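One-letter residues, chain by chain:
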Amino acid sequence: RQLADTLSEAQINGLGDNPTWNQIRSYAQANNSTDRVNYSLYDADSRLKYSVNALGFVCEYVYDNNGSVISKIEYDREISLSETYSEQTVRDGLTRVGQGSDTRVTRYVYNGQNRLRFTINAMGYASENIYDNMGNVLRTIHYVDKPELNNDFTIDAVDGVLQDLRQNEQNR
């Protein structure tokens, strides 16, 4: 929650060097009509499923069977802020407003050890993590050209498409 109230200089000076949370709250009170409230909604496995910002814009997280995020969807249309948020009301709100052309989707692709190998950002550009034998990231390659993935985000498909891009040193 971002409180809309601001503290005056006199109030700030009156708090001293190490104010407690209760001291600060005594000056700045919550006000549902003016404060900015962000919501985080979790699935049955306690993973972040949706975040809804103060303007009603939604970010959705999709997971694989290992519990790793495989996509992050940032919707370009806001949902109603007058509802009580639950996973179902957010899903219903997204169904009502639809997905616009400016919705951004980032994809994450993992290797057999469940380590992030590739990221395809919302603009379609790829980055690749290279690991050592201990599982530490040695380097990350950001490719200049967009790979032609045709909505196939399996590790084999992404790795295969990036083979050609890897050959060109100027593409990194």
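Details of the structure are given in the entry above.
A brief structural summary. Values in this document were obtained by computation on a predicted structure and should not be read as measured data. (Residues numbered from 1 in each chain as written. Predicted model: local features only at pLDDT ≥ 70, side-chain atom pairs only at ≥ 80, totals over all residues. Heavy atoms only, no water.)

### Quick word on helix α4 (residues 155-166)
A turn of α-helix holds 3.6 residues, and therefore any two residues three or four places apart point the same way.
Stage number 1. If you check α4, its first and last C-alpha atoms are 15 Å apart, about what twelve residues at 1.5 Å a residue would give, namely 16 Å.
Stage number 2. All buried positions along α4 are accounted for by A157, V158, L162, L165 and R166. The arc enclosing the buried residues of α4, seen along the axis, measures out at 165°, which places them on a common side. Turned more than 90 degrees from where α4 packs its buried face, D156 and D164 sit exposed. (Helix = DSSP H or I, 4+ residues; strand = E, 2+ residues; numbered from the N terminus. Expected span 1.5 Å × (residues − 1). Buried < 20%, exposed > 50% of the residue type's maximum accessible area, 1.4 Å probe, protein only. Arc of directions from axis to C-beta.)

### Some words on the nonpolar core
Grouped burial of nonpolar side chains is what soluble globular proteins tend to show.
Stage number 1. By size, the foremost hydrophobic cluster in this structure holds eleven residues: V109, F118, I120, A126, I130, I141, Y143, L149, V158, L162 and L165.
Stage number 2. Among the secondary structure elements, those contributing two or more residues to this core are β6 (116-120), β7 (126-131) and α4.
Stage number 3. Ranked by residues supplied to this core, first place goes to α4 with three residues.
Stage number 4. Counting ten residues, the second largest nonpolar core, distinct from the first, contains Y50, V58, Y85 and V90. (Core = buried A, V, L, I, M, F, W, Y, C linked by side-chain atoms within 4.5 Å.)

### Looking at the sheet that holds β7
Stage number 1. Reading across from one edge, β1-β2-β3-β4-β5-β6-β7-β8 is the order of the eight strands in this open sheet, with antiparallel pairing throughout. At either margin of the open sheet sits one strand with a lone partner, and together these are β1 (39-42) and β8 (137-142). For this sheet the average axis-to-axis angle between neighbouring strands, irrespective of direction, equals 15°.
Stage number 2. Pairing of β7 with β8, which is carried by five bridges, proceeds in the antiparallel orientation. Paired with Y131 across the two strands is V137, which belongs to β8.
Stage number 3. Lying on the sheet, helix α3 (residues 87-97) is in contact with β1, β2 (48-52) and β3 (58-63); it crosses β2 at an angle near 60°. (Pairing = 2+ DSSP bridges. Axes fitted to C-alpha atoms, helices over the stretch in contact; angles between N-to-C directions. Contact = heavy atoms within 4.5 Å.)

### What about the pattern of salt bridges?
Stage number 1. A complete count under the given rule lists nine salt bridges for this structure.
Stage number 2. The salt bridge involving D159 is made with R117; its shortest N-O contact spans 3.5 Å. In this pair, D159 is assigned in helix α4 and R117 in strand β6, connecting sequence segments 42 residues apart.
Stage number 3. By relative accessible area, which is 19% here, R117 ends up buried.
Stage number 4. Note that R166 and E128 form a salt bridge whose closest N and O atoms lie 3.0 Å from each other. (Salt bridge = Lys/Arg side-chain N within 4 Å of Asp/Glu carboxyl O.)

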